[in-house]
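Residues per chain are reported as follows:
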Amino acid sequence: MLPRSLHFAILACLTLVAVSVGTAAAQGVYPGGTAVLVNNSGFNDPYAVQTANGAGGWLGNGPLLPNIQGLGFAPAGQMLGDRLWLRGEYLYWYTDAMETPPLLTTSPAGTPQNRAGILGETGTRTLFGGPINDGASSGFRTQAGFWVTPQRAFGIEGEYFTLLGDGDGFSASGNGAPILGRPFFDTTNDRETAQLISFPGLVNGSVGISSDTDLRSALINARAALLPTNFGVCAPCSDPDRVDWIFGYRHLQLDDRLSFSETIDSQVPGAPGTIRLNEQFATENRFNGVQLGIVYEANFRRAWLESMLRVAVGNNSQRVNISGNTSITELGVTDRFTGGLLAQTSNIGSYRQNEFTMIPEIGLKLGFRVTSCFHATVGYSMLYFPNVVRAGDQIDSNVNPNLIPEPNNPITGSQRPRFSLVETDFWAQGISVGGELSF
């Protein structure tokens with residue numbers, strides 16, 4: 001189900017487009033047969049125009065209009081420029097957080113070993129976990145389009161954008177202090193417990209946790225005028241308000257990674273040893289589908305406002321990869337095992353699934369005509385990607401300790417952690433700043 005805020009945003013965008021279409025249809029984009037006279041009154045304003053009967057126009061590009069037969073009128077259909085446009089934008093977007101269980105804990109000095117780092121115990125504090133990767137990300141978007149017809153009634157356009165990665169991380173080490181632990185639920189003894197990384201007289205160690213979320217998109221559309229543009233009448237003088245249908249193909253990709261690395265040195269006399277552990281949870285979402293939409297562009301004297309609504313419908317190919325390994329060195333001999341703590345032989349592997357998905361997106365863009373061929377732009381976009389897999393959701397914190405790699409450790413009990421593909425929804429929204437060149 002779409003969030004209520006997205007419902008309101010889509011409704012507002014649809015209302016704006018509907019009102020604009022109705023207004024344009026009722027008033028007409030241009031009065032049929034109206035001639036435009038270049039304003040040669042001495043004012044240096046490339047956008048000032050006059051109609052043949054002397055009424056002042058609100059937009060134009062006077063220097064580009066040839067003075068035909070000394071009359072100052074532009075012949076219909078002569079102007080063929082402004083058919084190619086290029087946009088470049090800097091993105092500053094926020095993305096939906098990735099949820100995880102508590103992944104690293106600490107306890108006050110003096111906490112007994114049987115309570116250290118354990119969730120629910122007095123003084124236990126979570127150092128990392130919960131909602132992560134929910135900050136702002138930078139990125140860029142490039143767009144290009146070409147009007148196939150001189151009247152700009154039909155064209156093609158392409159777009160690519162990427163966010164440069166939103167990630168969180170945490171690292172800590174201790175020689176007994178501070179106390180560090182990775183909490184989990186012991187399914188064999190039916191209780192909360194923790195793997196200790198740093199505890200006085202028991203273990204010294206270090207731990208590093210890193211996460212990353214990447215979002216990118218590519219699309220190509222055909223664009224057709226919904227209302228007549230009447231470019232053959234006075235296209236050189238101004239751009240009319242216009243409404244266009246868009247139809248094409250879209251690819252959208254969302255990737256998550258969550259990695260763990262540990263080094264633990266035993267401090268127990270008579271039992272020296274070192275444990276090195278690595279785990280990773282990674283997810284991929286690859287959407288490919290058909291995209292439909294509508295774009296309304298309102299033109300003013302030196303500015304224009306573009307509102308856009310598009311919806312992509314197609315298949316989201318989901319993939320989850322879970323991996324882990326442990327090496328244990330004792331008395332100079334190293335043994336290597338598959339599995340770590342939250343990634344065990346019971347859930348390690350690669351899993352795939354396809355899901356039918358509908359992805360809506362809304363956008364507003366305001367452009368300012370700096371010159372006749374360069375426009376500065378600022379905008380807002382919101383994208384909603386349902387039915388995705390996120391790395392943090394694939395973690396099962398219920399663990400059978402008998403599966404934890406250890407020399408001569410008998411594998412008995414339940415097969416936990418267990419893999420169960422968990423879906424959620426994702427959104428991204430933010431502002432853009434850039435420019436457009438037209439030729």
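Let us look at the structure shown here. Quick caveat, the model's predicted, so the values are computed rather than measured.

Here we come to empty space enclosed by the protein. All told, the structure shown has 2 cavities of 30 Å³ or more when counted by the stated rule. For the largest cavity, the calculated volume is near 40 Å³. Those elements that provide at least two residues to the lining of the largest cavity are strand E6 (136-147) and strand E7 (154-166). Residue composition of the lining of the largest cavity, by class: 4 nonpolar, 2 polar and 2 charged. Each pocket or cavity is described by its volume, and for the second largest cavity that value is around 30 Å³. Taken together, Thr95, Ser137, Leu163, Gly165, Asp166, Thr213, Asp214 and Leu215 make up the full set of residues lining the second largest cavity. Classifying every residue of the lining of the second largest cavity gives 2 nonpolar, 4 polar and 2 charged.

So, on to the pattern of salt bridges. Per the counting criterion, the structure on display carries 19 salt bridges. For glutamate 436, the salt bridge is made with arginine 87, and the minimal N-O distance between the two is 2.6 Å. A residue pair is termed long-range when its members are at least 10 positions apart, and glutamate 436 in strand E19 (residues 424-438) and arginine 87 in strand E3 (residues 84-95) qualify at 349 residues. Glutamate 436 sits in the buried class, given a relative accessible area of 9%. Arginine 87 sits in the buried class, given a relative accessible area of 9%. As a salt-bridge pair, arginine 310 and glutamate 361 come within 3.0 Å of each other at their nearest N and O atoms. Of this pair, arginine 310 sits in strand E14 (residues 303-330) while glutamate 361 sits in strand E16 (residues 349-369), and the two are 51 residues apart along the sequence. The two residues arginine 310 and glutamate 361 agree in class, both being buried. Residues joined in a network through salt bridges with shared partners are Glu157, Arg223, Arg242 and Asp244.

Here we take up the packing of aromatic side chains. One pass over the structure, following the stated rule, counts 7 aromatic pairs. A ring pair is formed by phenylalanine 287 and phenylalanine 385, whose centres lie 6.4 Å apart and whose planes are at 75°; its orientation type is edge-to-face. Here phenylalanine 385 lies in strand E17 (residues 374-388) and phenylalanine 287 lies in strand E13 (residues 274-299), a separation of 98 residues in the sequence. Grouping residues by exposure puts phenylalanine 287 and phenylalanine 385 together as buried.

Quick notes on the rules
Residues numbered from 1 in each chain as written. Predicted model: local features only at pLDDT ≥ 70, side-chain atom pairs only at ≥ 80, totals over all residues. Heavy atoms only, no water. 1 Å grid on protein atoms, 1.4 Å probe; cavity = no way out; pocket = protein on both sides within 12 Å on 5 of 7 lines; lining within 4 Å. Points joined across faces, edges and corners; volume = space filled by probe spheres on them. Helix = DSSP H or I, 4+ residues; strand = E, 2+ residues; numbered from the N terminus. Nonpolar A, V, L, I, M, F, W, Y, C, P; charged D, E, K, R; others polar. Salt bridge = Lys/Arg side-chain N within 4 Å of Asp/Glu carboxyl O. Buried < 20%, exposed > 50% of the residue type's maximum accessible area, 1.4 Å probe, protein only. Phe/Tyr/Trp six-rings, centres within 6.5 Å; stacked < 30°, edge-to-face > 60°.

Shape descriptors only; they carry no functional weight alone.
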